[in-house]
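# Structural overview
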Amino acid sequence: MENYSRFYAIFNRLPYKGDREEFKKSVVLQYTWNRTEHLHEMTEREYNDCCTALEKMLAPGEREVFIRERKKWRSSALHQLQLYGVDTTDWNKVNEFCKQPRIAGKEFRDLDCEELEALTKKMRAIIRKRDKEQ
């Protein structure tokens with residue numbers, strides 16, 4: 001895993017007084033069962049479990065805003081994929097398309113808000129170019 005934006009998008013919204021770096025280390029240690037304090041040494045499952053738990057720790061209003069924002073970008077990205085011709089009723093096809101290095105480089109479910117926004121913009125540009133050529 002090379003991109004930790006999902007973690008930081010949630011982590012930076014958590015209220016905490018004190019050293020943020022120490023807080024981050026303690027969170028990582030907790031979800032790796034004291035195996036490591038470094039994000040890059042987490043397994044994918046540990047990382048996803050950690051991010052899911054952090055999402056639940058957000059203040060009620062923050063959590064709804066975060067979920068609503070992610071839902072909006074997921075919907076926009078899926079709409080653009082559909083316009084391009086990807087069968088969005090089949091998650092395997094969506095994931096195979098998104099895993100291409102030139103598209104997103106990872107499965108759709110692993111994309112955070114910023115990556116979903118970038119995917120949406122990229123797909124609009126690809127569709128615009130395709131339509132121009134026809």
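Check the entry above for the structure.
The structure contained in this document is the topic of the report that follows.

Thresholds, definitions, all that
- Residues numbered from 1 in each chain as written.
- Predicted model: local features only at pLDDT ≥ 70, side-chain atom pairs only at ≥ 80, totals over all residues.
- Heavy atoms only, no water.
- Buried < 20%, exposed > 50% of the residue type's maximum accessible area, 1.4 Å probe, protein only.
- Helix = DSSP H or I, 4+ residues; strand = E, 2+ residues; numbered from the N terminus.
- Arc of directions from axis to C-beta.
- Contact = heavy atoms within 4.5 Å.
- Polar contact = N/O pair within 3.5 Å; in protein donor to acceptor, adjacent residues only side chain to side chain.
- Core = buried A, V, L, I, M, F, W, Y, C linked by side-chain atoms within 4.5 Å.
- Salt bridge = Lys/Arg side-chain N within 4 Å of Asp/Glu carboxyl O.

### Overview of helix α5 (residues 91-98)
When we look at burial in α5, the residues that qualify are Val-94, Asn-95, Phe-97 and Cys-98. Down the axis of α5, the buried set is contained in an arc of 160°. They therefore lie on one face. For α5, the elements touching its buried residues are α4 (60-84) and α6 (113-133). Where α5 begins, the capping side chain belongs to Asp-90, and its oxygen is found 3.0 Å from the backbone nitrogen of Asn-92.

### Concerning the nonpolar core
Phe-7, Leu-39, Tyr-47 and Leu-54 are the most contacted members of the largest nonpolar core, which has 17 residues in total. Residue assignment for this core shows that the elements contributing at least two residues are α1 (5-11), α2 (20-31) and α3 (44-57).

### Overview of unusual backbone geometry
Positive phi values are uncommon outside glycine, yet Trp-33 reaches one of about 55°. With respect to the helices and strands, the residue Trp-33 is situated in the loop between α2 and α3.

### Details of the pattern of salt bridges
Where charged atoms of side chains with opposite charge meet at close range, the side chains can pair. By the definition in use, this model includes 16 salt bridges. Where Glu-46 meets Arg-35, a salt bridge forms, and the shortest distance between an N and an O atom there is 2.4 Å. Here Glu-46 is found in helix α3, whereas its partner Arg-35 is found in the loop between α2 and α3, with eleven residues between them in sequence. Residue Arg-35 is classed as partly exposed on the basis of its relative accessible area, which comes to 45%. Among the charged side chains, a salt-bridge network with shared partners connects Glu-96, Lys-99, Glu-107, Arg-109 and Asp-110.

### So, the side chain of Glu-55
For Glu-55, the position within the fold is in helix α3. Residues in contact with Glu-55, not counting those within four places in the same chain, are Arg-6, Ile-10, Arg-63, Phe-66 and Arg-70.

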